[in-house]
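What follows is the residue order along each chain.
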Amino acid sequence: MVTKLMKKEWNEYLKTGKFYILLFVFIFFAILSPITAKFMPEFIKSLSQEITITVPPPTWRDSFVQFSKNLNQIVFIVIVLVFLGSVAEEKNHGTASLVAAKGIDRRKWVFSKFLFQILFSLAMLTIAFFLCFYYAKLLFPETQFYLAFSSTVLFAVYLFFILTLTIFSSSIGNSMLQSAGIFFAIFIILNILNIIPQVNPYNPMTLPSIENQWIASKVAWGNTIKPIISTVLLSLILIFSGAAYFHKQEL
Amino acid sequence: MLAIKTEGLSKYFNNKKAVEDLNLQVPEGVIFGYLGPNGAGKTTTIRLLLSLAKPTKGRAYILGENISKSRNYLKKIGFLPEVPSFYNFFTAKEFLNFISDISGMVKPNKKIEEMLQLVELNKEKKRIGTYSRGMKQRLGIAQAILSDPPLLILDEPTSALDPEGRKETLDLIASFKGQKTVFFSTHILGDVEKICDMVGIIKEGRLVLNDSIENLKKSHSKRTLFIEVDKPKKLMETLQYLNWVEEMSPVNKNGIILQVKDLQFAQKSLPEILSKENILLNKWELKEPTLEDIFLEVVHNGN
């Protein structure tokens, strides 16, 4: 059943253009990041001929810091906007009640959506990473695969959390607007909690900053084990509680 | 066996009683018309039967299964919502393919083609988003009957159709008589009268009537006669002293409407009186109550 429902999701993403939007955004920023890192210092220097601007020479690390920033800002927003309505809009539109009345397990319906979204996003992220790595290697031959890859794996864990939060918000809310309210309320609360030193090591919101630290220095999996475990646990709680809520919800 | 049975089924929204103490009985194989004014609770009843809403209290059994125990019974139901919503990016064929997938149908292609032909959407290649309301309604009917379920729950199935489409849909529903149970809500009393075996009338969330049309007509019979004679005045003078005549009133030039205590007795006595008084009978009509009469009486008087 889950694969049949995922097939419908795949058709939807192809036919509504969501597939192409996400593909474009991932590829665009994958290629743009190393190019920006390489040529931005020269561009800044060329802006003024009267003032001398000292910019450190770019390195391969700048490509992946730029890539990580783009993933955590623009790609993040696009992913949230595309996925946030996945359950809520079906409830609002009436298709959820039509499908639920066919006797399918509503929890499987939510899982199929989440599974599709995570597999789809990870596939996009993999393509984007290898593209970014290819261009980074072209422009900076000293580019290190392991550090860049490890940082992207960390983003994948963060993405897993963001997608569970998205599906949770969408399962609870009855419209895109309500779901957006729930999503951003939780997102903001977690960011505020991040300033508490005792909470910080367990907070999924610390992951983006660790990504940059890793690229800049070195990979230390031991320091990240706490946020990774807590992020995965929190994600599981979100996906299971979202599915359980939707299972009992009136449509 | 009952296809649908509810026991004290109730649904409250805050303090509003949308459905109150509903005791519905729909035998298997019948076509059941569910009638009621706007806001009476028809759609809420359907949502409760489909587990799309949770009852505040009471129980419901569909094809013998207690619906609060498991939702597996839904696989035996074909449902058409009042305003059918579909995935607008699909074509009709793609949508039916998806429905056959989630309904667990094996080799559904032939059946899908049949259904598309039945609802005249077999040549339609455009996406559902471009369809008119009538086309969506027809596609809704196709998806409801695609997996050949034994029970159909249809919420206003003919509301958006043109007269031809309405006739075809009613003929289709009528063809299920004895094979499937059809429970459908509607405002169109003529549709119910044409094809239904049984009706339920809901008013302000309460079921005020649940019976066969035949029984209803018997029990709501007004024992009223319309006769047209050449000497109406003379006949009225004769009839006024008879104890089996309850009421009479002249209509038009030569007509009389008679309300009698015992219809069969009146049917036997009147010809004798006419013959004795030498009155010529031009027209004789037994006034049977229509479903509309019954509906209006029940809705206005609650009886």
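The rules behind the values
Residues numbered from 1 in each chain as written. Chains lettered and ligands numbered in written order. Predicted model: local features only at pLDDT ≥ 70, side-chain atom pairs only at ≥ 80, totals over all residues. Heavy atoms only, no water. Helix = DSSP H or I, 4+ residues; strand = E, 2+ residues; numbered from the N terminus. Buried < 20%, exposed > 50% of the residue type's maximum accessible area, 1.4 Å probe, protein only. Domains from an automatic or database assignment. Contact = heavy atoms within 4.5 Å. Buried area = accessible area lost by both parts, 1.4 Å probe. Salt bridge = Lys/Arg side-chain N within 4 Å of Asp/Glu carboxyl O. Polar contact = N/O pair within 3.5 Å; in protein donor to acceptor, adjacent residues only side chain to side chain. Expected span 1.5 Å × (residues − 1). Pairing = 2+ DSSP bridges. Axes fitted to C-alpha atoms, helices over the stretch in contact; angles between N-to-C directions. Core = buried A, V, L, I, M, F, W, Y, C linked by side-chain atoms within 4.5 Å.

1. A look at the environment of Asp293 of chain B
Residues and elements named next belong to chain B.
Okay, step 1: As for its placement among the helices and strands, Asp293 is situated in helix α10 (residues 291–301).
Okay, step 2: Taking relative accessible area as the criterion, Asp293 reaches 31% and is therefore assigned partly exposed.
Okay, step 3: Expressed as a C-alpha distance, the spacing of Asp293 and Lys217, which sit 76 residues apart in the sequence, is 9.8 Å.

2. Focus: the domain arrangement of chain B
Okay, step 1: Domain assignment breaks chain B into domain 1 (2–212) and domain 2 (222–287).
Okay, step 2: Taken over C-alpha atoms, the centre of domain 1 of chain B sits 47 Å from the centre of domain 2 of chain B.

3. Things to note about the interface of chain A and chain B
Interface size is often expressed as the accessible area that is lost when the parts come together.
Okay, step 1: The partner chain B presents 29 residues to the 27 residues of chain A that form the contact.
Okay, step 2: For the chain A and chain B pair, buried surface summed over both sides reaches about 2600 Å², with 56% attributable to carbon and sulfur atoms.
Okay, step 3: Counting across the chain A and chain B interface gives three salt bridges.
Okay, step 4: As a salt-bridge pair, Glu250 of chain A and Lys11 of chain B come within 2.5 Å of each other at their nearest N and O atoms.
Okay, step 5: Across the chain A-chain B interface, the total number found is 15 residue pairs in polar contact (both at pLDDT 80 or more).
Okay, step 6: Going through the elements one at a time, α1 (2–15), α4 (88–93), α5 (95–100), α6 (106–139) and α10 (221–248) of chain A are the ones with two or more residues in the side of chain A that touches chain B.
Okay, step 7: In terms of residue count, the dominant contributor to the side of chain A that touches chain B is α1 of chain A (seven residues).

4. Topic: helix α7 (residues 145–172) of chain A
Okay, step 1: Its 28 residues give α7 of chain A an end-to-end C-alpha distance of 40 Å, which sits within 8% of 40 Å, the value for a rise of 1.5 Å per residue.
Okay, step 2: With 23 of its 28 residues buried, α7 of chain A lies for the most part within the structure.

5. What to know about the sheet that holds strand β7 (residues 77–80) of chain B
All names here are of chain B.
Okay, step 1: Here six strands make up an open sheet; going across it, the order is β7-β8-β9-β4-β10-β11 and the pairing mixed. The strands lining the two open edges of the sheet, one partner per strand, are β7 and β11 (206–212). Across this sheet, the average inter-strand angle for adjacent strands is 15°, counted without regard to direction.
Okay, step 2: Contacts from helix α4 (residues 133–145) reach β7 and β8 (151–155) within the one sheet, and its direction differs from that of β7 by about 170°.

6. Looking at the nonpolar core
Okay, step 1: Grouped together as the largest cluster of nonpolar side chains are 153 residues, with contacts concentrated most on Phe64 of chain A together with Phe95 and Phe183 of chain B.
Okay, step 2: Ranked by residues supplied to this core, first place goes to α7 of chain A with 15 residues.
Okay, step 3: Residues contacting Phe64 of chain A, with those up to four places away along its chain left out, are Phe129, Cys132, Phe133, Ala136, Thr143, Ala148 and Ile215 of chain A.
Okay, step 4: Ranked by size, the runner-up nonpolar core spans 16 residues in total, among them Val229, Leu235, Trp244 and Ile256 of chain B.

7. Focus on the sheet that holds strand β15 (residues 281–287) of chain B
Residues and elements named next belong to chain B.
Okay, step 1: Pairing is antiparallel across the open sheet formed by four strands, whose spatial order is β13-β14-β12-β15. Looking at which strands have only one partner, the edges of the open sheet turn out to be β13 (245–251) and β15. Each adjacent strand pair in this sheet contributes to an overall mean axis angle of 20°, direction not counted.
Okay, step 2: Bridge analysis of β13 against strand β14 (residues 255–260) gives six bridges, and the strand direction is antiparallel. By the bridge assignment for β14, Pro250 is matched with Ile256.
Okay, step 3: Across the sheet, helix α8 (residues 232–239) is in contact with β12 (224–229), β13 and β14; its angle to β13 comes to roughly 165°.

8. Describing the pattern of salt bridges
Okay, step 1: Scanning all chains against the criterion turns up 21 salt bridges over all chains.
Okay, step 2: Between Glu12 of chain A and Lys18 of chain A there is a salt bridge, with the nearest N and O atoms lying 3.2 Å from each other.
Okay, step 3: Ionic pairing is found between Glu285 of chain B and Lys283 of chain B, a salt bridge with its closest N-O pair at 4.0 Å.
Okay, step 4: Judged by relative accessible area, Glu285 of chain B falls into the partly exposed class, the value being 32%.
Okay, step 5: Of the residues examined, Lys283 of chain B reaches a relative accessible area of 38% and is grouped as partly exposed.
Okay, step 6: Here the residues in one salt-bridge network are Lys8, Glu9, Glu12, Lys18, Glu90 and Lys113 of chain A, joined through shared partners.

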